[in-house]
Amino acid sequence: MKTVLYLDVLLLTNFLIAYGLLAAAGLLAGLSGRFGRMLAAAALAALSTLVILLPEQAYPLQLLYKLGTGALVAAVAFGVRPRRKYLASVCWYMALNLLVAGLCILVILRTGTDLVQTGNLVVYLRVSPVLLVALSGVCCLGAWLVLGMLGSTADNTLQTVGFEMQLCGATVRLRAVLDTGCHLKDPITCLPVLLISYPGARSRLPEPLCAFLDSWFAGEEKTEISPEIPLRLVPCATATGRTVLPGVAVRQIGVISQQGVLSLGRTAVAFTQQCFGNGEYEALYGSDFF
């Protein structure tokens, strides 16, 4: 018996399924991908199913292909940082794929018909594409409901921490929030760096520092540096590429608590043009900052 595959239907159906499963995996892993990246990842996932047309390969090669394409699809959708969340998104994406396949097979077993064909660890189900998309939607809805029930008691208010530091002879106080993906290091001391949103904190910064940062972010060829500014150039790697952020060495930085300011010693701060938290906080610190 020969099976006729309509590639346009196959690709479109898998594209829709992959997009829904990626959205659900992102929710479960605490990640959010941009619309363009999600479309590209879903298209890549759909194209990866064409391996069913190839001759049957050795099982280790099949397994390596499935794991590799799943990891690549998640990387395209969400990026690879923070690593822990990226690995979680890969696991959730693969698990949701298995769940959809299991639900489809369950429906087939209920009907008592042989509509399953496999090849290179790709399962082809000769059922209505609408049914396949609907079952993937059920998985996405289930993920959303689980998060809604488990997260109903969670505190949706970000816990900010107050920092006090000396910048260019002035005392600056900022609010910061924990970001486990923030791993910036001072290239000289190798100490963790506090990442500050320049637009959010500009009104609290001393004028010499603001003049330097305005010139830096404007891309001027000659950026004058005041002697009062102990400059640091902090390497930064993100999902979009690598860059260098302007920073300042800080001799003393402390946490503002009910008992006063608790000194943490010296470190450095880096500045970015990105805005954080709609004004709720002006800086980010990593889990290794304290």
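Here, every reference points to the structure presented above.
Residues numbered from 1 in each chain as written. Predicted model: local features only at pLDDT ≥ 70, side-chain atom pairs only at ≥ 80, totals over all residues. Heavy atoms only, no water.

Caption draft 1: Region of the structure containing the sheet that holds strand S4 (residues 170-178). Reading across the sheet, the 9 strands line up as S6-S7-S10-S5-S11-S4-S3-S8-S9 and stay open at both edges, with mixed pairing between neighbours. Because the sheet does not close on itself, it has two edges, and the strands there are strand S6 (231-238) and strand S9 (260-263). Here the average twist between neighbouring strands, direction ignored, is 35°. Pairing geometry for strand S7 (residues 241-250) and strand S10 (residues 267-272), over 4 bridges, is antiparallel. Pairing of Gly247 across the sheet is with Ala270, part of S10. Most of the contacts of helix H7 (residues 207-217) go to S7, to which it runs at about 170°, and overall it touches strand S3 (161-167), S6, S7 and S10. (Pairing = 2+ DSSP bridges. Helix = DSSP H or I, 4+ residues; strand = E, 2+ residues; numbered from the N terminus. Axes fitted to C-alpha atoms, helices over the stretch in contact; angles between N-to-C directions. Contact = heavy atoms within 4.5 Å.)

Caption draft 2: Broad picture of the pairing of S9. Strand direction decides the pairing type here: strand S8 (residues 253-257) and S9, joined by 4 bridges, are antiparallel. Along S9, the bridge assignment pairs Gly254 with Ser263. Connecting S8 to the next strand, S9, in antiparallel fashion are 2 residues.

Caption draft 3: Seen up close, the nonpolar core. By size, the foremost hydrophobic cluster in this structure holds 28 residues, and its most contacted members are Phe163, Met165, Leu194, Leu205, Leu209 and Phe271. Per-element tally for this core: the top contributor is H7, with 5 residues. Once residues within four sequence positions are removed from consideration, Leu209 is found in contact with Leu167, Cys168, Ile229, Val248 and Phe271. Core analysis: the next-biggest nonpolar cluster, separate from the first, contains 23 residues, Leu31, Phe78, Val100 and Ala143 among them. (Core = buried A, V, L, I, M, F, W, Y, C linked by side-chain atoms within 4.5 Å. Buried < 20%, exposed > 50% of the residue type's maximum accessible area, 1.4 Å probe, protein only.)

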